[in-house]
Amino acid sequence: GYSSLVPLNADPGEWWSTARDIQLKRAYRADGLFASAVNIAATRVAAQGYELDGDVGLRTRKAREMLGRGWVNLVQKLARDYCIQDNGAFLEIVRATKAAGSKVLGFVYLDPARCYRTGDYERPVIYADRLGRLHEMRAHQVAEFSDMPEDEFFGVGMCAASRAYRDIYLHLSAETYIREKITGGRPQALDIVTGISPDKIE
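(A) Just the nonpolar core, in detail. Formed by 16 residues in total, the largest nonpolar core has its most connected members in Leu-8, Phe-34 and Ile-84. Elements with a minimum of two residues in this core: helix H1 (18-30), helix H2 (32-46), helix H4 (71-84) and helix H6 (165-183). Examining the composition of this core, we find that four residues originate from one element, H6, more than from any other. When near neighbours in sequence (up to four residues on either side) are disregarded, Phe-34 contacts Tyr-28, Ile-84, Ala-160, Ala-161 and Ile-168. One finds Leu-110, Cys-115, Val-125 and Val-142 within the second-largest nonpolar core, a separate group that totals seven residues.

Here it is in structure tokens:
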């Protein structure tokens, strides 16, 4: 039937699994209406004003410069992941050394599909790089955020895409059905026009 052409599974999979988050990301990419809603939310978060102040002028100025470079793009990615991934959003805090009190040099976006929660307060995340190497990240090296976090999976949550998945699937199914009916693509029925004999039909 027409539902076979919907670019999503009818069910996103059991909570929680990496496979489920993959389906949620597919939902975001497949449904333009939902993607627009997520992008509006992410843009609003990124557009929020912030103010930096401190006792040391040089330190304050350097902090402003650090946050100014690519900050909007970074926040948009984090807000998007927060909305479409149960695993949430992850941010690496880059420091001058591995020490907890070391100077912060910047922030780096981390793909949540490569981040594994450990439940260990000291080393809360294991990150898999593109070469498959695993890196234990200490609490002062990483920040994580999730919507409606649960203790069961060490802070994995229930994101907006997860909560709205059935509605997204139904919307895509209806859209696919209507598109096929209007364009004639993949016809599901044959309407007989008056005047055609059985021989011609055969």
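(B) Inspection of H6 at higher detail. Look at H6: 27 Å from first C-alpha to last across 19 residues, which is about the 27 Å you get at 1.5 Å a residue. Along H6, the positions that sit buried rather than exposed are Tyr-165, Ile-168, Tyr-169, Leu-172, Ser-173, Thr-176 and Glu-180. An end-on view of H6 places all buried positions within 135 degrees of arc, on one side of the element. Seen from the buried face of H6, the exposed residues on the opposite side, beyond 90 degrees, are Arg-166, Asp-167, Leu-170 and Ile-182. Against H1, H2 and helix H5 (160-163) lie the buried residues of H6. At the exit of H6 stands Gly-184, carrying a positive phi of roughly 80 degrees.

(C) Fine view of the pairing of strand S5 (residues 134-137). Pairing geometry for strand S4 (residues 125-128) and S5, over four bridges, is antiparallel. In the sheet register, Tyr-127 faces S5, and the bridge partner there is His-135. Two successive antiparallel strands, S4 and S5, enclose a turn made up of five residues, where Gly-132 displays a positive phi of approximately 85 degrees.

(D) Main features of the packing of aromatic side chains. Enumeration according to the criterion identifies three aromatic pairs in this entry. On the numbers, 5.3 Å between centres and 80 degrees between planes, the contact of Trp-15 with Phe-153 is edge-to-face. Placement of Trp-15 in the segment before H1 and of Phe-153 in the loop between strand S6 (142-145) and H5 is noted, with a sequence separation of 138 residues between them. Of the aromatic side chains, those joined through ring pairs into one cluster are Trp-15, Trp-16 and Phe-153.

The rules behind each value
- Residues numbered from 1 in each chain as written.
- Predicted model: local features only at pLDDT ≥ 70, side-chain atom pairs only at ≥ 80, totals over all residues.
- Heavy atoms only, no water.
- Core = buried A, V, L, I, M, F, W, Y, C linked by side-chain atoms within 4.5 Å.
- Buried < 20%, exposed > 50% of the residue type's maximum accessible area, 1.4 Å probe, protein only.
- Helix = DSSP H or I, 4+ residues; strand = E, 2+ residues; numbered from the N terminus.
- Contact = heavy atoms within 4.5 Å.
- Expected span 1.5 Å × (residues − 1).
- Arc of directions from axis to C-beta.
- Pairing = 2+ DSSP bridges.
- Phe/Tyr/Trp six-rings, centres within 6.5 Å; stacked < 30°, edge-to-face > 60°.

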